[in-house]
Amino acid sequence: MSRQDPHDLLAMVFARPREALAAARALLADGRGPYESSIARQALGILHREFGDLEAAIGELRHAVRLARRSGSADRETDVLATLGIALLQSGRTRAGLSALDQAATRADGTTRARVLFRRAGARWILGRHGPALDDLRDAVPALLAARDTVWAARALTLRGHVQLALGAVQPADADFRTAQDMLGPTRQEHDSAVAVQNRGVAAFRTGDLPAALALLDEAERRFSSLGTPMFDLVGDRCAVLLAAGLARDALEHADGGLRLLARLRGQATRRAELLLIAARAALQSGDPATAGERAGEARRLFARQHRAWWSEHARLIVLQAEHATPDAPARRTALGEAQRLAARLAGLGSPEVWQAHLVAGRIALALGKAGVAERHLARAADVRHRGPATSRAGGWLAEALRAEAAGEPRRLLHACRAGLALIEEHRLTFGSSELHALATAQGAELVTLAQRHLLREGRPRRLLAWTERWRATSLAVPAVSPPEDGELLARLAALRQAEHLLAQARQDGAASAAALERDRSRLESRVRSATLHTKGRTRGGGGRRDRDDDRIGRLLDALGGGRLAELVAVDGTLHVLLCGDGTVRRHTAGPMDRAVAEVEFARSRLRRLAYERDPDQGELHDLGTRLERAVLGPVAGLLGEEAPLVVVPPSTLHTTPWGLLPSLRRRPFTVAPSAGAWLRARSAPRPDDGRIVLVRGPGVAHADREVREIARLYAQAGRDVSLLEAGRSTAPAVLAAIDGSLLAHLAAHGTFRADSPLFSSLHLDDGPLTGYDLERLRRAPHHLVLSSCDSGQMAAVGADELLGLATALLRLGTAGIVASVVPVNDETAVPVMLGLHDGLRRGLGLAEALCRARGDDVSFVAIGAG
């Protein structure tokens, strides 16, 4: 370290933190004088403050102040004093921190004063005092630019961008971030450059480009990791993006992970409060108001101790929202008063989230029967529908819909619901990920319910069907966007298969390496998923002109011919069945939705046991089916006619129903579809020209060898060519290449359903699992697909009324029909069912008809799609 330029050490802190730590310790070991020693202590203090133990940081910085005072340099003392002020503030000692910063600002001059003002602006931003922060930056930015102090000027512009974001000024903030990034480009400040990437991610998020935001934040995290500099504000930024993308549980896990790391490092109290607040938001969005209220309450107490009024009021907002979202929570006059006062305080602070306080106040007033108060607050909340990001504007339309419902104005209600859903649709079209497509629908659930409730009251089943279809399995209507041909992603998918293969062997052998292999698999899954979340949608605009409701329902009724379609709709806890056929739509009440869910779970649990019995008790199966039928179809079971084919369209929460168990469906051709629209699209899927038939046998499946060879013999007798992959040749690349664009594919392989991450549900092949992410990379989906393994037709209910799983990955790509199981399968008794199914298919029957004739007493398999 040169005695002539000791400040190089401070420049190294964020450029090369590991080198800075070693250099500072070396300088102190050399026994330098108080001036240079104060620099070393200051560098150690900054390193501890940003990346480690905050109390250790304060100790180092106080030592640095004493050394600077001994050196006689007022400039040195004020610089260290400002650094100490930030550390004190971040430890929760707000008054002491501001006092130190004010002293430094009073004593400093020139470039040092500009740097102090920048740091005081940062403190004021942390406290939510945005006006005073901008006042400091108005002086600091020009002075730093004039002094050609590039790095500090870029930092000041970055801070100004964040303050403007807090006030809702997205475009000026983005301009500041871009200028700062350009300025940092030629420097060696690697940490600041990583921060610039992070800020670009924040700007992308605020402009609505969530895939770009996730990609940039991932890149920033990789850079910080390589530098060894954990960034807790990056955790908060990522959580905000995950929440906007509908990944609330991911956001909660991420925030909790940040809190644990912060506790281990004895890090900043200010960061802890902020992470608690983002965790509270995530818990609220994931449907856990109790946890949300607990985290937000703790955050509010910390903010209050830190004198951070802006943050404290936002924590109070989450507490109120959590209280109102708690099931059976009584509406309280005191809560209304609190919400009204909170809205006023947030307005005074210039918060962009003030509309949410007005929405809560309006909801509470509605529950209390205070129509005038509710109208006043909902009108203020509805103002946001004309400005801001799409998700906030959709919230404004929700407020407008609630106003219209309270006022008894149905046309205005439906207009508001339609406009809000259109905004959410525009927002989710920016995603290429099928997972994000599905999850992003959650925000529209209440808008749909408001419309459904009105149409139910009016007794208009045809329009009720049309509105239900607006937001049911809509992710399947959007053309699939394959991730780019990314060699790294393909390598990760291959590595994931290998890790799963090795893990299965280690578990079987009881090897000690299983735990490490578990970690490897989780890491690879995380990277695969992240890569797909970065995929952008085909368009940033709207979804094109939507057909009129009457036209869509008319086409559906025409397509049914003499058949029937039963669409199950849950509104306010009651399950209704819209029975379509003979040119009409009629509504029937099935009963309580919670009873239907309970009967489905009971039937599934009994079938899991019976799957291991060679000759299950048919009387018990009949009784189970009768109970289940009464709960999910009610009187409609007796209105289906004798032989008419049926399409069942359940809500996502009932898709795991073993439909073949129902007495009215045991001897009837039926198919299950995620939505009526999905059934229509699957029905019109073009049949491929080459007519290829592919049979695949995975490892370890009892009777699979007999199954695929007998099926191959059936087609050989009909003069059809069959591709058979078995005995080590059924690897994921080979299977994907074979089934791509085929007429019919049959996969006899063990399956695993992953409720925690449905697109990692898989079929087990010779080289490991074939997941939904693999299937999404097909260029052309197989026209028909048969999956003969257990639970292969299971899909997870996500978003408002969406599904994710192996079947949805293929339906979105254009598969016309799938035969799969929704409960465990008896491998031995499944063989004759599969042979009968293919015998029907080779004779020209459709999937549903062929399965009906082959089923016998089996209740495991269903036809999904068009059948």
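Just so it is clear, the model here is predicted, and its values are computed rather than measured.

Analysis parameters
Residues numbered from 1 in each chain as written. Predicted model: local features only at pLDDT ≥ 70, side-chain atom pairs only at ≥ 80, totals over all residues. Heavy atoms only, no water. Helix = DSSP H or I, 4+ residues; strand = E, 2+ residues; numbered from the N terminus. Rg over C-alpha atoms; globule rule 2.2 N^0.38 Å. Buried < 20%, exposed > 50% of the residue type's maximum accessible area, 1.4 Å probe, protein only. Contact = heavy atoms within 4.5 Å. Areas by Shrake-Rupley, 256 points an atom, 1.4 Å probe, with all protein chains shown as cover. Lys, Arg positive; Asp, Glu negative; His and termini not counted. Charge placed at Lys NZ, Arg CZ, Asp CG, Glu CD. Axes fitted to C-alpha atoms, helices over the stretch in contact; angles between N-to-C directions. Parallel < 35°, antiparallel > 145°, perpendicular 65-115°, else oblique. Left-handed = near helix turned anticlockwise from the far one by under 90°. Nonpolar A, V, L, I, M, F, W, Y, C, P; charged D, E, K, R; others polar. Pairing = 2+ DSSP bridges. Salt bridge = Lys/Arg side-chain N within 4 Å of Asp/Glu carboxyl O. Phe/Tyr/Trp six-rings, centres within 6.5 Å; stacked < 30°, edge-to-face > 60°. Lys NZ or Arg CZ within 6 Å of the ring centre and 35° of its normal. pLDDT = per-residue confidence, 0-100. Expected span 1.5 Å × (residues − 1).

All right, on to the overall build of the chain then. The number of helices and strands found in the chain is 37 helices and 16 strands. The globule rule puts the C-alpha radius of gyration for 867 residues at 29 Å, and the 31 Å found for the chain is close to it. Principal-axis analysis of the C-alpha atoms gives the chain an extent of 100 × 70 × 45 Å. Expressed as a percentage of the 867 residues in the chain, the buried residues total 59%. If you take every contact in the chain between residues at least 6 apart in sequence, the share linking residues at least 24 apart comes to 70%. When the accessible surface of the chain is split by element, carbon and sulfur atoms take 50% of a total near 33,900 Å². The average position of the 117 basic charges and that of the 101 acidic charges among the side chains of the chain differ by 5 Å.

This part takes up the packing of helix H6 (residues 94–107) against helix H7 (residues 110–126). Where H6 contacts H7, the two axes come as close as 9 Å, and the packing angle between them is 155°. Considering the angle they form, H6 stands roughly antiparallel to H7. In the packing of H6 onto H7, the handedness of the crossing is left-handed. Across the interface between the two elements, Leu98, Leu101, Asp102, Ala104 and Ala105 from H6 touch Arg113, Val116, Leu117, Arg119, Arg120 and Ala123 from H7. Its residues assigned to classes, the contact of H6 with H7 shows 7 nonpolar, no polar and 4 charged.

Across the sheet, 3 strands lie side by side as E9-E10-E11; this open sheet has antiparallel pairing. One side of each edge strand has no neighbouring strand; the edge strands of this open sheet are strand E9 (751–752) and strand E11 (768–771). Two strands pair when backbone bridges link them, and E9 and strand E10 (residues 762–765) are joined in this way by 2 bridges, in the antiparallel orientation. What sits directly across from Thr752, in E10, is Ser762.

A word on the pairing of strand E3 (residues 584–592). Where strand E2 (residues 574–581) and E3 come together, 8 bridges link them in antiparallel fashion. The partner of His576 across the bridge, within E3, is Thr589. Turn length for the E2-E3 hairpin, with the two strands adjacent in sequence and antiparallel, is 2 residues, and the turn residue Asp582 shows positive phi of about 55°.

Moving on, we get to unusual backbone geometry. One non-glycine residue, Arg148, lies in the positive phi region at around 55°. Note on placement: Arg148 falls in the loop between helix H8 (130–146) and helix H9 (150–166). Classification of Arg148 by relative accessible area gives exposed; the value is 74%. The phi angle at Asp582 is positive, at roughly 55°, despite the residue not being glycine. Along the polypeptide, Asp582 turns up in the loop between E2 and E3.

All right, on to the pattern of salt bridges then. Scanning the entire structure with this criterion turns up 65 salt bridges. As a salt-bridge pair, Glu219 and Arg223 come within 3.1 Å of each other at their nearest N and O atoms. Remark: Arg223 and Glu219 occur in helix H12 (residues 210–227); sequence separation between them is 4 residues, near one turn of the helix. Using a relative accessible area of 26% as the deciding quantity, one classes Glu219 as partly exposed. Note on Arg223: relative accessible area 34%, which makes it partly exposed. Measuring nitrogen to oxygen at the nearest pair gives 2.2 Å for the salt bridge that ties Glu518 to Arg507. With Glu518 in helix H27 (residues 514–533) and Arg507 in helix H26 (residues 487–509), this pair connects stretches of sequence that are 11 residues apart. With a relative accessible area of 26%, Glu518 lands in the partly exposed category. Given the relative accessible area of 44%, Arg507 is considered partly exposed.

The final tally for this structure, using the stated rule, is 4 aromatic pairs. With centroids separated by 5.4 Å and ring planes inclined at 75°, the aromatic side chains of Trp310 and Trp311 adopt a geometry described as edge-to-face. An aromatic cluster is present here, built from Phe303, Trp310 and Trp311 joined pairwise through their rings. Its guanidinium or amino end placed over the ring of Tyr35, Arg76 lies 5.8 Å from that ring's centre, counting from NZ or CZ. The aromatic ring of Trp397 is capped on one face by Arg385, whose charged end is 5.0 Å from the ring centroid.

Mapped onto the secondary structure, Thr474 falls in the loop between helix H25 (461–470) and H26. Setting aside chain neighbours within four positions, we find Thr474 in contact with Arg428, Thr441, Glu469 and Glu802.

Turning to the packing of helix H4 (residues 54–71) against helix H5 (residues 74–90), a few remarks are in order. Look at H4 against H5: their axes get within 9 Å of each other, and the N-to-C directions meet at 160°. By the criterion of interaxial angle, the relationship of H4 to H5 is roughly antiparallel. Judged by the sense of rotation from one axis to the other, the crossing of H4 with H5 is left-handed. Within the contact between the two elements, H4 uses Leu54, Ile58, Leu61, Arg62, Ala64, Val65, Ala68 and Arg69 and H5 uses Arg76, Glu77, Val80, Leu81, Thr83, Leu84, Ala87, Leu88 and Gln90.

Moving on, we come to the environment of Gly408. Along the chain, the position of Gly408 falls in the loop between helix H21 (390–407) and helix H22 (410–428). With 46 residues separating them in the primary sequence, Gly408 and His454 have C-alpha atoms 9.8 Å apart.

Overall, the prediction assigns the chain a mean pLDDT of 89, with 96% of residues at 70 or greater. Note that pLDDT drops below 50 for residues 540–545; the model gives that stretch 9 contacts with residues more than four away or on any other chain.

This next bit is on the pairing of E11. In this structure, E10 lies alongside E11, joined through 4 bridges in antiparallel fashion. The partner of Leu765 across the bridge, within E11, is Gly768. Linking E10 back to E11 in an antiparallel pair, the connection comprises 2 residues.

Here the focus is the environment of Pro592. Secondary-structure assignment places Pro592 in strand E3. Separated by 39 residues in the primary sequence, Pro592 and Ala631 place their C-alpha atoms 7.8 Å from one another. If we ignore the near neighbours within four places in the chain, the residues touching Pro592 are Gly573 and Leu575.

The terminal C-alpha atoms of helix H17 (residues 309–325) lie 24 Å apart, and with 17 residues this matches the ideal 24 Å at 1.5 Å per residue to within 8%. Judged by how many residues are buried, H17 sits mostly within the fold: 13 of 17 residues are covered.

Glancing now at helix H3 (residues 34–51). Over its 18 residues, H3 runs 25 Å from end to end, which matches the ideal 26 Å to within 8%, given 1.5 Å per residue. Most of H3 is tucked away: 14 of the 18 residues are buried.

Let's shift gears to the environment of Val694. Assignment of secondary structure puts Val694 in strand E6 (residues 693–697). Residue classification places Val694 among the buried residues on the basis of a relative accessible area of 1%. Along the chain, Val694 and Arg855 lie 161 residues apart, while their C-alpha atoms are 22 Å from each other. When sequence neighbours within four positions are dropped, the list of residues in contact with Val694 reads Ser723, Ala738, Ile739, Ser742, Leu744, Ala745 and His746.

Moving on: the side chain of Ser652. Along the chain, the position of Ser652 falls in the loop between strand E4 (646–649) and strand E5 (670–672). Residue Ser652 is classed as buried on the basis of its relative accessible area, which comes to 8%. Dropping the residues within four chain positions of it, Ser652 is found in contact with Ala797, Asp801, Glu802 and Leu803.

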